[in-house]
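# A closer look at the structure
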Amino acid sequence: MPRGVGPVTTYLRFQGTERHERGFFPGIFMLVDRLAREGLLTDEQERFRRVDNDWHDAACVTPSHVDPTVSDREVDPGAVAWFKVDGAGHLVERIGGYPEILTAHGIGWERVESCDPGRVVYEDEHQVVVVPRD
């Protein structure tokens, strides 16, 4: 590695393929939670959602609990969360059921990787919240 150049961090996001009305691509947690609010999940899907949401909440900081402005749509309307590939492997391993639920309901999703997902407005050991660059 050349002198003065540190390792490059890779970030990972699972998101819908259609933009939200506010312009961002919603994450898979948001999409599955919306299906739950609309009463569209099967009993098995809802059990998975509750158990895995609780697990992720316990295993990872919710950025807006640390800094409420992170999720303030007036401050940073396009802010979205990305996992750090090197720091969140245990979190990513548990993602599988969310895409399965979205696929079962005909909702498109994608796995996106980037070394520069946007302007960082929050960071911890597992994730960043960024405002995408135009």
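What you are looking at is a predicted structure, and each value in this text was computed from that prediction instead of being measured.

The next subject is the packing of helix α1 (residues 28–37) against helix α2 (residues 43–59). Two elements in contact, α1 and α2, have axes whose closest approach is 11 Å; the angle formed by their N-to-C orientations is 135 degrees. Considering their axes alone, α1 and α2 lie oblique with respect to each other. Where α1 crosses over α2, the two elements pack in a sense that is left-handed. Two secondary-structure elements touch here, α1 through F29, V32, D33 and A36 and α2 through E46, R49, N53 and H56. Of the residues assigned to the contact of α1 with α2, the class counts are 3 nonpolar, 2 polar and 3 charged.

In terms of nonpolar packing, the biggest core is built from 17 residues, with F14, I28, V32, L35, L41, F83 and L102 touching the most fellow members. Secondary structure elements with two or more residues in this core: β1 (11–16), α1 and α5 (97–104). Per-element accounting of this core gives the leading share, 5 residues, to α1. Sequence-distant contacts of V32, that is, excluding residues within four places in its chain, are made with L41, R49, Y98, I101 and L102. Listed in part, the 6 residues of the second largest apolar core include Y11, F24, V80 and V128.

Rules behind the numbers
Residues numbered from 1 in each chain as written. Predicted model: local features only at pLDDT ≥ 70, side-chain atom pairs only at ≥ 80, totals over all residues. Heavy atoms only, no water. Axes fitted to C-alpha atoms, helices over the stretch in contact; angles between N-to-C directions. Helix = DSSP H or I, 4+ residues; strand = E, 2+ residues; numbered from the N terminus. Parallel < 35°, antiparallel > 145°, perpendicular 65-115°, else oblique. Left-handed = near helix turned anticlockwise from the far one by under 90°. Contact = heavy atoms within 4.5 Å. Nonpolar A, V, L, I, M, F, W, Y, C, P; charged D, E, K, R; others polar. Core = buried A, V, L, I, M, F, W, Y, C linked by side-chain atoms within 4.5 Å. Buried < 20%, exposed > 50% of the residue type's maximum accessible area, 1.4 Å probe, protein only.

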